[in-house]
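# Architecture at a glance
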Amino acid sequence: MATAIVNSARQVGRLTSAAKRLYSDFPKITTHYTVHPRDKDSRWTEINMERMAEETDILIIGGGPAGMAAAIRARQIAEEKGAEVRVTLLEKAAEAGGHILSGACVDPIALNELIPDWKEKGAPFDTPVSSDKFGLLTKSGRIPIPVFPGLPNYNHGNYVVRLGHLVRWLSEQAEAAGAEVWPGCAGADLIYRDDGSLKGVATGDVGIAKDGSPKDMFERGMEFHSKITIFTEGCHGHLTKMVSKKYNLRENSEPQSYGIGLKELWEVKPENHHPGLVEHTIGWPLDKNTYGGSFIYHLQAGEGEAPLVAVGFVVGLDYQNPYLSPFREFQRFKLHPYVKPMFEGGTRIAYGARALVEGGWQCLPKTVFPGGCLAGDTAGFLNVPRIKGTHNAMKSGMLAAESAMELILSGEATHENGVTPTLYEDRLRESYVYKELKQVRNCRPSFHTSMGLYGGLAYSAFSTLVRGKEPWTLSHGGADHAKLKPAKECKPIEYPKPDGVITFDLLSSVALTGTNHEADQPPHLTLQDDTVPVKNNLSVFDGPEARFCPAGVYEYVPLETGEGQRLQINAQNCIHCKTCDIKDPSQNINWVVPEGGGGPAYNGM
């Protein structure tokens, strides 16, 4: 009997030691309340969790082109009808346009409709497209591809803009129309009525320490109750993920497909500057089975301003090789003998990145639900072959506002009664937004064959010729994160070292974004399971998050014991691109909003 007790005690001791080693191998990373609920945390027992509440008629979440257009259109209708309608827009950036990043070459069709006298009102559309170029890059050369009228990427009549400046101007127009714009207010949680319809949104709490405990300065977020809530959060929005799951909005659509776009602004030598030139390339440095390409846009310089060029690179997030780094592909692209001379003698003044929706028609979710709707990039209205989405985002925001106002003015939508704005979805289907997405629906997925880039180009030419009237719809073949292959099946990619003149390292690039977060707050890059990065992502895929993140947020560092590695999350670097949430092969990362006002501080990106 005594021997059995001793043996049992030894077994318990071994298990305890093993548990301690396991915990040390996988230290706690995530402290956010979405993973560790506060009702199970004794540190929160005595904290008052009541929120103040505001009532508004229309609540808009996200201050990009879609959100601003919705706010302006709602207030226009209120003025036309002589109605008292409160329109409130919440934006997580510290100021309007601060988180906006795009190429951008914009079709003015939606702005012409929304604000016909935009020229007189000073809209920052200063650079009309003067010429178009499109080419296929080889390792050392460029094969020109003609751009004819009628092709999706024909840009005459469009404008090269700094989209953040356009959004800032739209914010001024929205406020002048009577809308309330609340910058620095991040929508963090959804609020429901007893009948299950959406009642509104709560902004994030402030004053939470990095370990998840309340600080002395803790303040609860504010609730905004609305008759209709319009979500315009942009690509892969935090609340959009929640509302899509709640109302099963993706039940009848394919998983969304995404890309990551990286961008720099350069002051270039006058002889290398051609205002209004819009240029795109495909091919090198990517292989034929990796979707992507570049843009080079020459902006009109104002009086006393240096000549400015926006250069960027997009990589489809359905890429397969875990060793691929979108950031380093972008830097390598600038070394091409056709590209490098444009930037020699110039100065890089800005950098940024963001994910973008590429799925198109096949991936459109149901856009309406009890109490609200989705508009803009959060719904997926980017037209990939046209390399444009601002016009569709604005138009969808306008249609959402019109449908919401009709329900409010008729008395059908009230604070007590959560109605579904089905009119919005009907009007979307009748608009040019749906029509142009349907017409080009097969172009992007046609690149998924064994012929890759070349098969995609050939099929896209055919589909354009028949104006998308082929009686079939191609599939994207599954979610982007599932496309990543194990590291053992792929070759590491050797990238050139940054020269500090044309190409740069990651951290000096992030410094140009103006990114800032409150340091003492729980990391907003949350892990559902803190052990998964090492057990799966590192062991199977060799830690791809350290490469697909364009801001150096994720890195694997040696354990303090000297044996093995652990994941370190540098949340303060995050530029809110959402790539990690999308491409994580384990789908273990959930990007949630940090304290309002945190993130990049882009100036006209």
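The structure we're discussing is the one just above.
Quick summary incoming for the structure in this document. Since we're looking at a predicted model, the values are computed, not measured. (Residues numbered from 1 in each chain as written. Predicted model: local features only at pLDDT ≥ 70, side-chain atom pairs only at ≥ 80, totals over all residues. Heavy atoms only, no water.)

## A look at the overall build of the protein chain
- Check the secondary structure of the protein chain and you find 15 helices and 24 strands.
- In terms of overall dimensions, the protein chain has a C-alpha envelope of 90 × 65 × 55 Å along the principal axes.
- Residues counted as buried form 60% of the 605 residues belonging to the protein chain.
- A separation of at least 24 residues holds for 78% of the contacts in the protein chain among residues at least 6 apart in sequence.
- Carbon and sulfur atoms make up 52% of the accessible area of the protein chain, which amounts to about 25,100 Å² in all. (Helix = DSSP H or I, 4+ residues; strand = E, 2+ residues; numbered from the N terminus. Buried < 20%, exposed > 50% of the residue type's maximum accessible area, 1.4 Å probe, protein only. Contact = heavy atoms within 4.5 Å. Areas by Shrake-Rupley, 256 points an atom, 1.4 Å probe, with all protein chains shown as cover.)

## Brief notes about the pattern of salt bridges
- Tallied over the entire structure, the rule returns 30 salt bridges.
- A salt bridge links E518 to K215, with the nearest nitrogen and oxygen atoms 3.6 Å apart. Taken together, the residues span a long stretch of sequence, with E518 in the loop between helix 12 (506-510) and strand 21 (525-527) and K215 in strand 12 (residues 214-219) at a distance of 303 residues.
- Overall, E518 belongs to the partly exposed group, its relative accessible area being 38%.
- Note that R566 and E560 form a salt bridge whose closest N and O atoms lie 3.5 Å from each other.
- Judged by its relative accessible area of 18%, R566 falls in the buried class.
- A network of salt bridges, in which partner residues are shared, links R38, D205 and R220. (Salt bridge = Lys/Arg side-chain N within 4 Å of Asp/Glu carboxyl O.)

## Here's the deal with the nonpolar core
- Counting residues in each nonpolar core, the largest one holds 83 residues, and the members touching the most others are F333, F343, L525, V553, Y554 and I569.
- The element that contributes the greatest number of residues to this core is strand 17 (residues 308-316), accounting for seven residues.
- If sequence neighbours within four positions are ignored, V553 has contacts with L525, Q568, I569, N570, A571, N573 and C574.
- If you look at the next biggest cluster of nonpolar residues, it comprises 74 residues, including A70, A71, V243 and A400. (Core = buried A, V, L, I, M, F, W, Y, C linked by side-chain atoms within 4.5 Å.)

## Structural notes on the side chain of D377
- With respect to the helices and strands, D377 occurs in the loop between strand 20 (372-374) and helix 8 (390-409).
- You can call D377 buried: its relative accessible area is 16%.
- Here the side chain of D377 touches R354 through a polar contact of 3.2 Å, side chain to side chain.
- In this structure, D377 is in contact with G234, C235, R354, V357 and L382, ignoring residues within four places of it in sequence. (Polar contact = N/O pair within 3.5 Å; in protein donor to acceptor, adjacent residues only side chain to side chain.)

## Describing the sheet that holds strand 15 (residues 277-283)
- Pairing is mixed across the open sheet formed by seven strands, whose spatial order is 6-5-15-16-17-14-18. Pairing within the sheet leaves two strands with one partner each, and these edge strands are strand 6 (142-144) and strand 18 (347-357). Sheet twist, expressed as the average angle between the axes of neighbouring strands with direction ignored, equals 20 degrees.
- As judged from the seven bridges shared by strand 5 (residues 131-137) and strand 15, these two strands associate in the parallel manner. For D132, the partnering residue across the bridge sits in strand 15 and is V278. (Pairing = 2+ DSSP bridges. Axes fitted to C-alpha atoms, helices over the stretch in contact; angles between N-to-C directions.)

## Looking at the packing of aromatic side chains
- Applying the stated rule across the entire model yields 17 aromatic pairs.
- Consider the rings of W182 and F224, whose centres lie 5.0 Å apart with planes at 90 degrees: the pair is edge-to-face. Remark: F224 occurs in strand 13 (residues 223-231) and W182 occurs in strand 8 (residues 180-183); sequence separation between them is 42 residues.
- Among the residues examined, F224 registers a relative accessible area of 1% and is labelled buried. (Phe/Tyr/Trp six-rings, centres within 6.5 Å; stacked < 30°, edge-to-face > 60°.)

## Quick look at the sheet that holds strand 3 (residues 105-106)
- In spatial order, the strands read 3-7-4; together these three strands make up an open sheet with antiparallel pairing. Strand pairing shows two members of the sheet lacking a second neighbour, strand 3 and strand 4 (127-128), which therefore form its edges.

## Thoughts on the side chain of Q256
- For Q256, the position within the fold is in the loop between helix 5 (238-246) and strand 14 (258-267).
- Of note is the side chain of Q256, whose polar atom sits 2.8 Å from the backbone nitrogen of G359.
- With sequence-adjacent residues up to four places away left out, Q256 is seen in contact with R250, V357, E358, G359, G360, C363, A379, G380 and D480.

## Examining unusual backbone geometry
- For the peptide bond that leads from G103 to A104, omega is -5 degrees, which places it in the cis range.
- Tracing the backbone through its elements, the reader meets A104 in the loop between strand 2 (87-91) and strand 3.
- One non-glycine residue, H236, lies in positive phi territory at about 55 degrees.
- Structurally, H236 is set in the loop between strand 13 and helix 5.
- At R467, a position not held by glycine, the phi torsion is positive, near 55 degrees.
- Here R467 lies in the loop between helix 11 (452-465) and helix 12.
- In this structure R467 comes out as exposed when scored by relative accessible area, which is 52%.

## Let's talk about the state of the cysteines
- Throughout the structure, instances matching the rule amount to zero disulfides.
- No disulfide involves C105; its nearest neighbouring cysteine sulfur is the one of C443, lying 18 Å away.
- For C105, a relative accessible area of 5% corresponds to the buried category. (Disulfide = S-S within 2.5 Å.)

## Considering helix 8
- The terminal C-alpha atoms of helix 8, which comprises 20 residues, lie 28 Å apart, in line with the 28 Å expected from a rise of 1.5 Å per residue.
- Counting buried residues along helix 8, 18 of its 20 residues qualify, which places the element largely inside the surrounding structure.
- Just beyond helix 8, the residue with positive phi is G411, at close to 85 degrees. (Expected span 1.5 Å × (residues − 1).)

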